[in-house]
Amino acid sequence: MKLIFKSLGTLPLRRFLSTVPKPLNPIQEAALEERCILVDQHDQECGFASKRDCHRLVNGKLPLHRAFSVFLFNTKDELLLQQRSSTKITFPDHYTNSCCSHPLYEIQHERKDLEGAKAAACRRLVFELGIPTNQCQPKDLQYITRIRYMSEGDGTWGEHEIDYIFILHKDVALDPNPDEVSTALYIPKSKMNKFLKNLRHPITPWFNLIAQNELTNWWDNLRSLEKVMNHKKIISY
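Predicted model only: the values in this text are computed from it and were never measured. (Residues numbered from 1 in each chain as written. Predicted model: local features only at pLDDT ≥ 70, side-chain atom pairs only at ≥ 80, totals over all residues. Heavy atoms only, no water.)

**Student:** Looking at this structure, I do not really get the overall build of the protein chain. What am I missing?
**Tutor:** Secondary structure assignment for the protein chain yields 6 helices and 10 strands. Per-residue burial for the protein chain yields a buried fraction of 52% across its 237 residues. In the protein chain, of all internal contacts separated by at least 6 residues, the share reaching a separation of at least 24 is 71%. Looking at the protein chain as shown, the accessible area adds up to about 11100 Å², and 49% of this sits on carbon and sulfur atoms. (Helix = DSSP H or I, 4+ residues; strand = E, 2+ residues; numbered from the N terminus. Buried < 20%, exposed > 50% of the residue type's maximum accessible area, 1.4 Å probe, protein only. Contact = heavy atoms within 4.5 Å. Areas by Shrake-Rupley, 256 points an atom, 1.4 Å probe, with all protein chains shown as cover.)

**Student:** How should I be thinking about the side chain of Gln28 in this particular structure?
**Tutor:** Mapped onto the elements, Gln28 comes out in helix α1 (residues 26-31). Within the structure, Gln28 has its side chain in polar contact with the side chain of Glu180 (distance 3.1 Å). Residues in contact with Gln28, not counting those within four places in the same chain, are Thr87, Lys88, Ile89, Asp179 and Glu180. (Polar contact = N/O pair within 3.5 Å; in protein donor to acceptor, adjacent residues only side chain to side chain.)

**Student:** What is the right way to read the nonpolar core from this model?
**Tutor:** Nonpolar side chains in soluble globular proteins tend to end up buried together. Among the nonpolar cores identified, the biggest contains 27 residues, and Phe71, Phe73, Leu79, Leu81, Ile167, Leu215 and Trp218 are the most heavily contacted of them. Put simply, the parts of the chain that give this core at least two residues each are β3 (65-73), β4 (79-84), β7 (142-151), β8 (159-169), β9 (181-187), α4 (189-197), α5 (205-213) and α6 (215-220). Residue contacts for Leu81: discarding those within four places in its chain leaves Thr96, Asn97, Thr183, Ala184, Leu185, Ile187, Met192, Phe195 and Phe207. Residues Phe68, Cys122, Ile131 and Tyr164 belong to the second largest nonpolar core, which totals 23 residues. (Core = buried A, V, L, I, M, F, W, Y, C linked by side-chain atoms within 4.5 Å.)

If you want it as structure tokens, here you go:
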């Protein structure tokens, strides 16, 4: 396993050194039974479906469901990227933003629109990146906007989401979960374009859209995020 670390010193290795089963990760298989929140085009809840049913294409179609994406910047204004584990069922080995997942229907407080998405984001920051709970409270997350997009992925597994975008701008301790993350690294703005251009692995479709259309503006305004907030409109790609 190749590890890449940048800035804030070397990340802890103890969880990276665990063995990850290659053919099929039972943790990932079990996660497919969790239930996502189905929404209409206006982000109004309209039911639930398993992660399996939300992400497995049927005749080229996928249910629209709620998600979130966190962009974690340290106090040097470097952005944390992760490479998804090779055992992930959707977009394995892809590089992406700091943390992304879904509020869950079975967790009652995660069904509360914005506040639910924030709670889910904190839960996953702990689970994926090992950030201590006291370092990623909902109040630490700055809500920027929502985006809607669809990707057919590999033709079997894809995405169709309304994605809440959060920025977390602080220094945190990291202990990435190898079932979720194979590489974690901070990238400064000046090196981002070159880094993405030279990657040997693909990037996730949502991160690709955001990197092309929104990220530079957010990055330029990290200390005045009110300039880039768009809470009324769902941006569609």
